[in-house]
Amino acid sequence: HSLETNLYTEDPPKNEDGEKKTWEVKHFSNMPLAAVMPLLTKMQLDIRNSEAEVVQYLFGQISAGSIPFNKLEATVIPNTNYVLQGNEYKADVFIAAFDTTAAPIVLVGQYDSTYNEESDSYEYDMIGQYDSLDIVNGRGKFTRMGSSLGTQAWGGIIRLQDPDGNYITKTFGQTYQVAKPNLVVSPTKMNVFYVGVENPVSVSIAGIPGNKIFPTITNGQIRKQRDGEYIVLPKRPGNSLISVRAEIDGTTRNMGVAPFRVKGLPDPVVQVAGKNGGKIERNVLAAQAGVFADMGDFDFDLEFKITEFTVSTTDRGGYYISESTKGNVFTSAQQGLIKNLRKGQRLNVEDVKAIGPDGSVRNLAPIVFEII
């Protein structure tokens, strides 16, 4: 306003007689030299004052809208705090400025954006449920319990008031990984797979999510059930190697090899009345439906089916008597032989064959009962 007043050089409006005068005529016409000199001096001062006002205005515009900060701090943001051997550790190092006296507003949750044509910018507002962080020394403090496994995303908006009383709004977002505690106890002499059954195996690497881990196997197949859990189906007895690769920072890398021994399934034990031979009462033995194969304390829940067996004993004259059958159920002839047993007499369950889940046929060891 002062510039327009001091440096105004437009011609004045017409007077009452309709006469038009120029700016020069108005200020200098018919004026004595003694009166003109002070007027020119005043004009020179007005020009210098206007120049000073323009410089002051331009200088003020350099920092217009800037936010004052009262503290600088070195900040390090790493790509991860957990580095595997052979991988790079990366971090951004810079100076961060903040104002401990002017607390920002930090809102965490979902937000929406609206384009403002007048300001040619986007305005952001929170939607749904959101949290407002506690501010300590100009910093928002975010905490969240790692209850759900996998990649967790979070973000929101931060608002800071500028010197004009308006709010500057910025958006932010971040992700983190939640994994189970990585406790691995490996008895190396018991790294065994069995042919013919589904062998469960866990594959995990600390600091790497399960969907970024890719195992392969020799002498068999490996099938994924879920992140970190697999089923191994070996082909034949011998040895097997599980090789593991993982995706790290967009690159697939070899993480190592784990050796395993591959064995065939052990033979089951023949059982009748839940016993593997020994002393037994005749009526208990006669009440049984047939012969079964028991795996004992074997770690896998699997079943061998009896395909044939023979029961034998000696008669009163010492002659050998036997009865054979297919399947695992006692025939009427075998039951008759059992019912005729006397106290102290022995009964053999022999020539037992069974087929396992791997399709192999096993010749099982015989068992002997003594009637009491």
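Residues numbered from 1 in each chain as written. Predicted model: local features only at pLDDT ≥ 70, side-chain atom pairs only at ≥ 80, totals over all residues. Heavy atoms only, no water.

### Considerations on the overall build of the protein
Looking only at helices and strands, the protein has 5 helices and 23 strands in total. Relative to the 2.2 N^0.38 estimate, which gives 21 Å for 372 residues, the radius of gyration of the protein is 47 Å and therefore markedly larger than a compact globule would have. In terms of overall dimensions, the protein has C-alpha extents of about 170 × 40 × 35 Å along its principal axes. Across the 372 residues in the protein, those meeting the buried criterion constitute 25%. Considering only intrachain contacts with a sequence separation of at least 6, the fraction spanning at least 24 residues in the protein is 56%. Distance between charge centres in the protein, computed from 37 positive and 43 negative side chains, equals 18 Å. (Helix = DSSP H or I, 4+ residues; strand = E, 2+ residues; numbered from the N terminus. Rg over C-alpha atoms; globule rule 2.2 N^0.38 Å. Buried < 20%, exposed > 50% of the residue type's maximum accessible area, 1.4 Å probe, protein only. Contact = heavy atoms within 4.5 Å. Lys, Arg positive; Asp, Glu negative; His and termini not counted. Charge placed at Lys NZ, Arg CZ, Asp CG, Glu CD.)

### Some thoughts on the environment of Glu370
Relative to the assigned elements, Glu370 resides in strand β23 (residues 367-371). Distance in space between the C-alpha atoms of Glu370 and Asn348 is 9.0 Å, their sequence separation being 22 residues. When sequence neighbours within four positions are dropped, the list of residues in contact with Glu370 reads Gly278, Lys279, Ile280, Gly344, Gln345 and Arg346. A polar atom in the side chain of Glu370 sits 3.2 Å from the side chain of Lys279. (Polar contact = N/O pair within 3.5 Å; in protein donor to acceptor, adjacent residues only side chain to side chain.)

### Points about the pairing of strand β19 (residues 305-314)
Looking at chain direction, β19 and strand β21 (residues 346-355) are connected through 6 bridges and run antiparallel. Across the sheet, Lys305 pairs through a bridge with Ile355, a residue of β21. For β19 and strand β20 (residues 320-326), the ladder comprises 7 bridges, and the chain directions are antiparallel. Considered in β20, the bridge of Thr310 is made with Ser324. (Pairing = 2+ DSSP bridges.)

### Regarding the sheet that holds strand β14 (residues 238-248)
Taken in spatial order, the 4 strands line up as β9-β15-β14-β11 in an open sheet, and their pairing is mixed. A single partner strand is all that each edge strand has here, and the edge strands are β9 (192-194) and β11 (213-217). Each strand of the sheet is rotated relative to its neighbour by a mean of 35 degrees, with strand direction disregarded. Pairing of β14 with strand β15 (residues 251-263), which is carried by 11 bridges, proceeds in the antiparallel orientation. Across the sheet, residue Glu247 finds its bridge partner in β15, namely Thr252. (Axes fitted to C-alpha atoms, helices over the stretch in contact; angles between N-to-C directions.)

### Quick word on the nonpolar core
Val272, Leu285, Val291, Phe309 and Val349 are the most contacted members of the largest nonpolar core, which totals 28 residues. Mapped onto this core, the elements with two or more residues apiece are β9, β19, α5 (332-339), β21 and β23. When residues in this core are grouped by element, the largest group, 4 residues, is from β21. Apart from the residues lying within four places of it in its own chain, the contact partners of Val272 are Leu285, Gln288, Gly290, Val291, Phe330, Val349, Ile367 and Phe369. Val203, Ile217, Tyr230 and Val232 belong to the second largest nonpolar core, which has 16 residues in total. (Core = buried A, V, L, I, M, F, W, Y, C linked by side-chain atoms within 4.5 Å.)

### Quick notes on α5
Those residues of α5 lying buried are Gln334, Leu337 and Ile338. In a view along the axis of α5, the buried residues occupy a sector of 100 degrees, so they form one face of it. Opposite its buried face, α5 presents the exposed residues Ser332 and Lys339, each directed more than 90 degrees away. Contacts made by the buried residues of α5 are with α4 (282-286), β19, β20 and β21. (Arc of directions from axis to C-beta.)

### Looking at the packing of aromatic side chains
In total, this model carries 10 aromatic pairs according to the counting rule given. With centroids separated by 6.0 Å and ring planes inclined at 80 degrees, the aromatic side chains of Tyr111 and Tyr124 adopt a geometry described as edge-to-face. With a gap of 13 residues between them, Tyr111 in strand β3 (residues 105-116) and Tyr124 in strand β4 (residues 121-132) connect regions that are remote in the sequence. Looking at Tyr111, the relative accessible area reads 32%, which means it is partly exposed. (Phe/Tyr/Trp six-rings, centres within 6.5 Å; stacked < 30°, edge-to-face > 60°.)

### Regarding the confidence of the model for the protein
Overall, the prediction assigns the protein a mean pLDDT of 86, with 93% of residues at 70 or greater. Of all the helices and strands in the protein, helix α1 (residues 2-6) carries the lowest mean pLDDT, 75, while β21 carries the highest, 96. (pLDDT = per-residue confidence, 0-100.)

### A look at the pattern of salt bridges
Close approach of charged atoms allows side chains with opposite charge to pair. This structure, assessed with the given rule, holds 10 salt bridges. A salt bridge links Lys279 to Glu370; the nearest nitrogen and oxygen atoms lie 3.2 Å apart. Note that Lys279 is positioned in strand β17 (residues 278-280) and Glu370 in strand β23, a separation of 91 residues in sequence. Looking at Lys279, the relative accessible area reads 48%, which means it is partly exposed. Where Glu308 meets Lys326, a salt bridge forms, and the shortest distance between an N and an O atom there is 3.2 Å. Within this pair, whereas Glu308 is found in strand β19, its partner Lys326 is found in strand β20, the two being separated by 18 residues in sequence. The class for Glu308 is partly exposed, based on a relative accessible area of 22%. (Salt bridge = Lys/Arg side-chain N within 4 Å of Asp/Glu carboxyl O.)

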